[in-house]
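Structural characterization, general
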Amino acid sequence: MARRRQLYEGKAKILFEGPEPGTLVQYFKDDATAGNGAKKGTITGKGVLNNRISEYLMTRLAEIGIPTHFIRRLNMREQLIREVEIIPLEVVVRNVAAGSLATRLGITEGQRLPRSIIEYYYKNDQLNDPMVAEEHITCFGWAATQDLDDMVALTLRVNDFLCGLFLGVGITLVDFKLEFGRLWENEEMRIVLADEISPDNCRLWDTKTGEKMDKDRFRRDLGKVEEGYQEVARRLGILPEA
Ligand code: C5P
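In this text, all values refer to a predicted model and were calculated from it rather than measured experimentally.

A few words now on the overall build of the protein chain. For the protein chain, the helix and strand inventory stands at six helices and 14 strands. For 242 residues, the compact-globule estimate of 2.2 N^0.38 gives 18 Å, and the protein chain sits close to it at 17 Å. The principal-axis extent of the C-alpha atoms belonging to the protein chain is close to 50 × 50 × 35 Å. Counting only residues that meet the buried cut, the protein chain has 50% of its 242 residues in that class. In the protein chain, the share of contacts with a sequence separation of at least 24, taken over all contacts with a separation of at least 6, comes to 58%. On the protein chain, roughly 12000 Å² of surface is accessible, and the fraction owed to carbon and sulfur atoms is 50%. Distance from the positive charge centre (34 side chains) to the negative charge centre (38 side chains) of the protein chain: 5 Å.

In structure tokens form, the structure reads like this:
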């Protein structure tokens, strides 16, 4: 295969120049990090599973009218995406108390929240992705008020849909992180869902047993990390070809 120009390498993915202008190839690695790179490791087969899981979820979301950067999966580890200008925010949605919310506020992990909470984090490795408020976002120009309104509206729809989709296969969507980008078409800009949706950026618990099937297995050294990701893919009916 012809060598392609690498544009960016992140902790779990690499972006290459795409075959046509305005497209990129997103490559899923097996590398895993936690605590902003403090813990590093490899989860064998993770890239293949996340590529499939993210393809599946982005496709289902596009079917209900959520605009995404996803075009199509190219092979086991790569997908073709639209080039967008990434908004430097992580939008976290929480349905059940866990992770940093439980730690920071002393809330018991596993407690269902009376309503879903949306939080914003500024994407900046050097600053450890600090939590920010809407005021900071608009003050420093990371997103305009209208962009943020669009992101919140999309996030709530994604949460509603994914909660139902996962519940149907016996999985509780505890929390997850989304990223968005600006896509220009015919001189018009719209906000689209970007990055990936996978067990790397969702907390997914078995609804009956509470067993964790996501990256917390890696973060907390619970073992059987790959098996957790595989189980999510199996329940969604998309275990990749051997
Ligand atoms: O660690 P915390 O509880 O704040 O994480 C909330 C959700 O956001 C989790 O599902 C986690 O996987 C995701 N997340 C992420 N990338 C980050 C921080 C959190 O995908 N940098």
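Remark: the centre distance and the inter-plane angle together describe each pair of aromatic rings, the angle taken between the planes. The full count for this structure, using the stated rule, is two aromatic pairs. Between Tyr-122 and Trp-142 the ring centres are 3.9 Å apart and the planes differ by 10 degrees, which places this aromatic pair in the stacked class. Here Trp-142 lies in the loop between helix 3 (134–139) and helix 4 (145–167) and Tyr-122 lies in strand 10 (residues 112–122), a separation of 20 residues in the sequence. A centroid spacing of 5.4 Å and a plane angle of 35 degrees characterise the contact between Phe-140 and Trp-142, whose relative ring orientation is tilted. These aromatic residues form a ring-pair network of at least three members: Tyr-122, Phe-140 and Trp-142. Stacked on the ring of Phe-16, the Lys or Arg Arg-4 has its end atom at 4.3 Å from the ring centre. Positioned over the ring face of Phe-218 is Lys-39, at 4.9 Å from the centre of the ring.

Thresholds applied
- Residues numbered from 1 in each chain as written.
- Predicted model: local features only at pLDDT ≥ 70, side-chain atom pairs only at ≥ 80, totals over all residues.
- Heavy atoms only, no water.
- Helix = DSSP H or I, 4+ residues; strand = E, 2+ residues; numbered from the N terminus.
- Rg over C-alpha atoms; globule rule 2.2 N^0.38 Å.
- Buried < 20%, exposed > 50% of the residue type's maximum accessible area, 1.4 Å probe, protein only.
- Contact = heavy atoms within 4.5 Å.
- Areas by Shrake-Rupley, 256 points an atom, 1.4 Å probe, with all protein chains shown as cover.
- Lys, Arg positive; Asp, Glu negative; His and termini not counted.
- Charge placed at Lys NZ, Arg CZ, Asp CG, Glu CD.
- Phe/Tyr/Trp six-rings, centres within 6.5 Å; stacked < 30°, edge-to-face > 60°.
- Lys NZ or Arg CZ within 6 Å of the ring centre and 35° of its normal.

Any link to function would need more than the numbers given here.
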